[in-house]
Amino acid sequence: MLDVLGLDPDDERVYRALLGRPNSTARLLGDQLAVPHAHVATALSRLVGWGLVTRSADDRFTAAPPAVALGALISERRDGLRMAEHALVAFAEEHRAAMTGSSINDLIEVVTGADAIRHRFLQVQQAARTQVRSFITAPFVALPPDENTAEPVALGRGVQFRAVLDRAVLAEPGIVDDAIDSLGRGVQLRVADELPMKLVLADADLGLVPLAVTPDGEPGAVLLHRSGLLDALDALFETVWRTAHPLALSATGGKAGTTVEVGPQGPTELDRKILGLLLAGLTDLTAAAQLGLSARTLHRRLRHLMDMAGVRSRMQLGAHAVRHGWVEPHRASGVDMQGTSRTRTPPAV
């Protein structure tokens, strides 16, 4: 457990033994732990150096109070990490300055293979200081959304995440549950009718753009450093973001299909999910499949919502839902609730 502080397992065993046996000698501890006395003496010497153990004039050892000794060690590690973070910022600025006027080979790195792309994808998010922006398209070759371990870590240190999903992604198995989890963690999600590419941007410094599969079957990508091309991708993301549809889903009320009715005064959480998916452009069949419903149940819920809203058409229901706060407003044109949506062949990577 204490290896994160730099202690090895032998050091920790000896320290734990001393907690219950103050004023012990290396010989007594060696007998207790069934470890050669010389090994215990070496561990005790290291522990004394760490300030975790005190040594008397007659070579007896006592563990320092953990709250004091370990607390000081942890504080020292925190200070070291802060210094490392400051050094990272300084090194990053030096790197940017050095990259100014660099050759094109220094500004663009070609990455080949799913493992290498996955590694770079995680690194780009880890490097972000303020925000990560991404275009998400299907299929997922390098890393499915539910395996993106860098996202919750970055969110925990205050990085903002905004992502635009290609509408076809919402038909992928499990993607709605993944989206609900991300929304619950503070990720902002929107849906576009069609995205031109996969993309992830870290601040205005790094961009990863997956490319088509190579002739030998391996996926490829390019890692972009700060440049005019990266500025163009930055502007592209913001343009698409402004015209995309906010995705409104909630996990309140349990799994889809088990939501308890809240009465005639408003929709259930299941109803809100149905409205959110249909307003995002999914077909009835796709929305029903994502929520674990039959098409008949989905149509019954829509009819109930129309009766509740006092409207005659799905278009009127959509307007009523937005106007009365049942879902977030959708600012893009071309969104309806007629049960159909445009389809296309998704990109290969």
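Up top is the structure these notes are about.
Residues numbered from 1 in each chain as written. Predicted model: local features only at pLDDT ≥ 70, side-chain atom pairs only at ≥ 80, totals over all residues. Heavy atoms only, no water.

(A) Here's a closer look at the nonpolar core. The biggest cluster of nonpolar side chains holds 50 residues, and the ones touching the most others in it are Leu170, Ile274 and Leu317. In terms of residues, this core owes the most to one element, helix H10 (residues 269-279), which gives six residues. Filtering out sequence-adjacent residues up to four positions away, isoleucine 274 remains in contact with Leu291, Leu293, Leu298, Arg301 and Leu302. (Core = buried A, V, L, I, M, F, W, Y, C linked by side-chain atoms within 4.5 Å. Buried < 20%, exposed > 50% of the residue type's maximum accessible area, 1.4 Å probe, protein only. Helix = DSSP H or I, 4+ residues; strand = E, 2+ residues; numbered from the N terminus. Contact = heavy atoms within 4.5 Å.)

(B) How the structure looks around the side chain of glutamine 290. Relative to the elements of secondary structure, glutamine 290 occurs in helix H11 (residues 284-291). Polar side-chain contacts of glutamine 290 include one of 2.5 Å to the backbone oxygen of glutamate 172. Not counting chain neighbours up to four residues away, the residues in contact with glutamine 290 comprise Leu170, Ala171, Glu172, Pro173, Gly174, Ile175, Val176, Leu277 and Leu282. (Polar contact = N/O pair within 3.5 Å; in protein donor to acceptor, adjacent residues only side chain to side chain.)

(C) Broad picture of the sheet that holds strand S5 (residues 160-166). Here we have eight strands laid out as an open sheet, ordered S3-S9-S8-S7-S4-S5-S6-S10, and mixed in their pairing. In this open sheet, the two edge strands, each paired with only one partner strand, are strand S3 (108-112) and strand S10 (245-246). When S5 meets strand S6 (residues 188-192), the two strands line up parallel, connected through five bridges. Looking across to S6, one finds that alanine 163 is bridged to leucine 189. In the packing of helix H6 (residues 114-127) onto the sheet, the strands contacted are S3, strand S4 (131-136), S5, strand S7 (199-202), strand S8 (206-210) and strand S9 (220-225), and the crossing angle to S8 comes to about 155 degrees. (Pairing = 2+ DSSP bridges. Axes fitted to C-alpha atoms, helices over the stretch in contact; angles between N-to-C directions.)

(D) Structural detail: the layout of surface pockets. There is about 640 Å³ of room inside the second largest pocket. Elements supplying a minimum of two residues to the lining of the second largest pocket: H6, S4, S5, helix H8 (175-184), S7 and S8. It is H8 that contributes the most residues to the lining of the second largest pocket, five residues altogether. Partitioned by chemical class, the residues of the lining of the second largest pocket number 24 nonpolar, five polar and six charged. (1 Å grid on protein atoms, 1.4 Å probe; cavity = no way out; pocket = protein on both sides within 12 Å on 5 of 7 lines; lining within 4 Å. Points joined across faces, edges and corners; volume = space filled by probe spheres on them. Nonpolar A, V, L, I, M, F, W, Y, C, P; charged D, E, K, R; others polar.)

(E) Structural detail: the packing of aromatic side chains. Under the criterion given, the structure shown has two aromatic pairs. Between the aromatic rings of phenylalanine 135 and phenylalanine 237, the centroid separation amounts to 5.4 Å while the plane-to-plane angle is 25 degrees, which identifies the pairing as stacked. With phenylalanine 135 in strand S4 and phenylalanine 237 in helix H9 (residues 228-243), this residue pair connects regions lying 102 residues apart in the sequence. One exposure class covers both phenylalanine 135 and phenylalanine 237, and it is buried. Between the aromatic rings of phenylalanine 237 and tryptophan 241, the centroid separation amounts to 5.9 Å while the plane-to-plane angle is 20 degrees, which identifies the pairing as stacked. With phenylalanine 237 and tryptophan 241 both in helix H9 and four residues apart, the pair spans about one turn of that helix. (Phe/Tyr/Trp six-rings, centres within 6.5 Å; stacked < 30°, edge-to-face > 60°.)

(F) Main features of empty space enclosed by the protein. Scanning the entire structure with this criterion turns up one cavity of 30 Å³ or more. Considering only enclosed or pocket space, the largest cavity measures out at about 50 Å³ in volume. Lining the largest cavity, in full, are Asp10, Arg13, Val14, Leu33, Val35, His39 and Val40. Within the residue set of the lining of the largest cavity, elements represented by two or more residues are helix H1 (9-19) and helix H3 (37-50). With three residues, H1 is the largest single contributor of residues to the lining of the largest cavity. Across the lining of the largest cavity, the residue classes tally to four nonpolar, one polar and two charged.

(G) The arrangement of the pattern of salt bridges in detail. A complete count under the given rule lists 15 salt bridges for this structure. Arginine 118 is paired through a salt bridge with aspartate 115; the nearest N and O atoms lie 2.7 Å apart. Of this pair, arginine 118 and aspartate 115 both sit in helix H6, separated by three residues, roughly a single helical turn. Note on arginine 118: relative accessible area 27%, which makes it partly exposed. As a salt-bridge pair, aspartate 205 and arginine 129 come within 3.7 Å of each other at their nearest N and O atoms. Placement of aspartate 205 in the loop between S7 and S8 and of arginine 129 in the loop between H6 and S4 is noted, with a sequence separation of 76 residues between them. The exposure class assigned to aspartate 205 is buried, which follows from its relative accessible area of 12%. Look at the salt bridges and you will find they share partners, linking Arg133, Arg162, Asp234 and Glu238 into a network. (Salt bridge = Lys/Arg side-chain N within 4 Å of Asp/Glu carboxyl O.)

(H) Unusual backbone geometry, seen in detail. Look at aspartate 59: it is not a glycine, yet its phi comes out positive at around 60 degrees. Here aspartate 59 lies in the loop between strand S1 (53-55) and strand S2 (61-63). Since its relative accessible area comes to 39%, aspartate 59 is described here as partly exposed. Positive phi values are uncommon outside glycine, yet aspartate 203 reaches one of about 50 degrees.

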